[in-house]
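Secondary and tertiary structure notes
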Amino acid sequence: MPPPSPSTGVLAGPSDTAIDAVSDFMRAARAEGVRHAHLLGTGAVGRLEQRLREHYGFAYALAVSSATAGLHALALARDLSGHEVVTTPLTYGGTVAGVLHAGGRPMFVDVEPSTLGLDPEAAAAAVGPATRAVLAADVQGVPADDWAIRGMADAHGLWYVHDAAQSFGATRDGRPAGSAAHAVVVSFSPGKTLWAGEGGAVLTDDRALYERLVVLTQHPYRQKREVGLGVADEFGLNLRMHPLAAVCADADFDASLERADGRRQAAEVVLGELRERGLTTTEHLPSLQPTYYRLTVELAPTVTPDEVAQSMGWAAHGVPPSTLQPLYQRPGLQVWDFKTRPCPIAESAAVRRCEIVEELWAG
């Protein structure tokens, strides 16, 4: 079958609207107030944070330099040093980098076969005296079971953070992915729903946590404006978002969500065809609206990637194996000293999945 080509296009970079907004900002930057707005958390930064609050329904949003920086700041703010964090092995290394660099220890547990998201029951079974938090991630933009994970965290008195770096614009049961967490982190780096060159944000309903994050990551001007005139900590980390990134993200916010809808529709056309031909066992879950940051599928028994390529008319392109691999099997993690346990479902997914490259479905 020929690959669908949605008019909304691939999520590859800035729109003309975003480019025009950056040009307007640069011309206006001759005015000192515009140049300093991001130090205060106003201007494009403030507008972006407001859009995020409205989208997710959280009381507070804080723009930061990247999702990895946001996760690191959260680990510092919650003082995870010396504590265990129950988390998924199927994610990008940046999900747990903040925990590691803050002195915490990830405890990897298995995933759900349908979404590859953190399994709440496996997470509950791994909770011990040293466990302080649970950290979930939406693998390839497919929402994990957010509310079940929150219920598990509440039952064990744990703090719950959700890495939604790959799933901005995704929903589960009609709610934004990650919206049940105590804190959710999103990303605006290349390939993500909302492109800003680089950047991210942290959202929460916890006022005390938010203030701690402001002090840890933002300029003293913003600390004074939002936390109090007596606050001016010059020794925090400069993790605030670059103003031009905020301008891009603010200008392209609504259009990016529309493009994500087109991307989702294109992916589901391909998935439907793969199911009809008996090439995949990946289920259709009507309660999920993923972003398909990467489109990976579980191969049907005895089916190979080459057979998928031949059947779908993709022989010239090929269908590569998925790059999914449990974090605890990656060499870069071996320098860190912590315990882990096998995760059979995650390991099986890494072997039995293949990736449908964007050129074949995103147009």
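Keep in mind that this is a model prediction, so the values were computed, not measured. (Residues numbered from 1 in each chain as written. Predicted model: local features only at pLDDT ≥ 70, side-chain atom pairs only at ≥ 80, totals over all residues. Heavy atoms only, no water.)

Describing the overall build of the protein
- The helix and strand inventory of the protein stands at twelve helices and twelve strands.
- Against the 2.2 N^0.38 benchmark of 21 Å for 363 residues, the protein shows a C-alpha radius of gyration of 21 Å, consistent with a compact globule.
- Projected onto the principal axes, the alpha-carbon positions of the protein cover approximately 65 × 55 × 35 Å.
- Taken across its 363 residues, the protein has 55% of its residues classed as buried.
- Of the contacts formed within the protein by residues at least 6 apart in sequence, a portion of 70% connects residues at least 24 apart. (Helix = DSSP H or I, 4+ residues; strand = E, 2+ residues; numbered from the N terminus. Rg over C-alpha atoms; globule rule 2.2 N^0.38 Å. Buried < 20%, exposed > 50% of the residue type's maximum accessible area, 1.4 Å probe, protein only. Contact = heavy atoms within 4.5 Å.)

Concerning the sheet that holds strand β5 (residues 159-163)
- The strand order across the open sheet built from seven strands is β1-β9-β8-β5-β4-β2-β3, with neighbouring strands paired in mixed fashion. Each edge of the open sheet is held by one strand with a lone partner, namely β1 (60-64) and β3 (105-108). Looking at each pair of strands side by side, their axes are set apart by 25° on average, direction ignored.
- Here strand β2 (residues 84-87) pairs with β3 via four bridges, running parallel. Following the sheet pairing, T87 is matched in β3 by F108.
- Docked against the sheet, helix α3 (residues 43-56) engages β1, β8 (183-187) and β9 (200-204), running at close to 130° with respect to β1.
- Running over the sheet, helix α4 (residues 67-77) touches β1, β4 (131-137), β5, β8 and β9 and is turned about 160° from β8. (Pairing = 2+ DSSP bridges. Axes fitted to C-alpha atoms, helices over the stretch in contact; angles between N-to-C directions.)

Considerations on empty space enclosed by the protein
- On inspection of all chains with the given rule, the structure shows two cavities of 30 Å³ or more.
- The volume enclosed by the largest cavity comes to roughly 70 Å³.
- Contributing to the lining of the largest cavity are L71, L74, A75, L80, V85, T95, V99, A133, L135, W159 and V161.
- Broken down by secondary-structure element, the contributors of at least two residues to the lining of the largest cavity are α4, α5 (94-101), β4 and β5.
- Here the lining of the largest cavity is composed, by residue class, of ten nonpolar, one polar and no charged.
- There is about 50 Å³ of room inside the second largest cavity. (1 Å grid on protein atoms, 1.4 Å probe; cavity = no way out; pocket = protein on both sides within 12 Å on 5 of 7 lines; lining within 4 Å. Points joined across faces, edges and corners; volume = space filled by probe spheres on them. Nonpolar A, V, L, I, M, F, W, Y, C, P; charged D, E, K, R; others polar.)

Side note on the nonpolar core
- The biggest cluster of nonpolar side chains holds 42 residues, and the ones touching the most others in it are L74, L90, W159, V161 and L213.
- Elements with a contribution of two residues or more to this core: β1, α4, α5, β4, β5, β8, α8 (207-217) and α12 (344-352).
- When near neighbours in sequence (up to four residues on either side) are disregarded, V161 contacts L71, L74, V134, L135, A136, A181, A183 and V185.
- With 29 residues, the next largest nonpolar core counts A44, L52, A164 and V186 among its residues. (Core = buried A, V, L, I, M, F, W, Y, C linked by side-chain atoms within 4.5 Å.)

Considerations on the sheet that holds strand β7 (residues 175-176)
- Pairing in this open sheet of three strands is antiparallel, and the strands run β7-β6-β10 from one edge to the other. Two strands close off the open sheet at either side, each with one partner strand: β7 and β10 (288-289).

Considering the pattern of salt bridges
- Taken as a whole and judged by the stated rule, the model has 17 salt bridges.
- One salt bridge in this structure joins R263 and E358, with 2.5 Å as the shortest N-O distance. Taken together, the residues span a long stretch of sequence, with R263 in helix α10 (residues 243-276) and E358 in the segment after β12 (353-355) at a distance of 95 residues. (Salt bridge = Lys/Arg side-chain N within 4 Å of Asp/Glu carboxyl O.)

Remarks on the environment of N238
- Inspection of the secondary structure assignment puts N238 in the loop between α9 (220-226) and α10.
- For N238, a relative accessible area of 53% puts it in the exposed group.
- In this structure the C-alpha to C-alpha distance between N238 and R27, which are 211 residues apart in sequence, comes to 26 Å.
- Of note is the side chain of N238, whose polar atom sits 3.0 Å from the side chain of R240. (Polar contact = N/O pair within 3.5 Å; in protein donor to acceptor, adjacent residues only side chain to side chain.)

Quick look at the confidence of the model for the protein
- This prediction gives the protein a mean pLDDT of 92; 96% of its residues lie at or above 70.
- Scored below 50 in pLDDT, residues 1-10 shows 30 contacts in the model against residues more than four places distant or in partner chains. (pLDDT = per-residue confidence, 0-100.)

What about the packing of α3 against α10?
- Close contact between α3 and α10 brings their axes to 7 Å; oriented N to C, the two are set at 30°. The orientation of α3 relative to α10 falls into the category roughly parallel. Crossing angle aside, the handedness with which α3 passes α10 is left-handed. On the side of α3, the interface is formed by A44, V45, R47, L48, R51, L52 and H55, while α10 contributes A246, V247, A249, D250, F253, D254 and L257.
- Residue composition of the contact of α3 with α10, by class: nine nonpolar, one polar and four charged. (Parallel < 35°, antiparallel > 145°, perpendicular 65-115°, else oblique. Left-handed = near helix turned anticlockwise from the far one by under 90°.)

Brief notes about the side chain of S322
- In this fold, S322 is placed in the loop between α11 (305-312) and α12.
- In terms of polar contacts, S322 uses its side chain to reach the backbone amide nitrogen of L324, at 3.0 Å.
- With sequence-adjacent residues up to four places away left out, S322 is seen in contact with T296, R353, C354 and E355.

Quick word on the layout of surface pockets
- Taken as a whole, the largest pocket holds about 520 Å³ of empty space.
- The wall of the largest pocket is formed by 26 residues, among which T91, Y92, Q166, K192 and Y293 lie closest to the centre.
- At the level of elements, α4 and α5 are the ones that each hand at least two residues to the lining of the largest pocket.
- When residues in the lining of the largest pocket are grouped by element, the largest group, three residues, is from α4.
- Its residues assigned to classes, the lining of the largest pocket comprises nine nonpolar, eleven polar and six charged.
- Of the pockets and cavities examined, the second largest pocket occupies roughly 300 Å³.
- Lining the second largest pocket we find 21 residues, and of these V142, T282, E283, P290 and Y292 sit closest to its centre.
- Here the element with the most residues in the lining of the second largest pocket is α10; it accounts for four residues.
- Its residues assigned to classes, the lining of the second largest pocket comprises nine nonpolar, seven polar and five charged.

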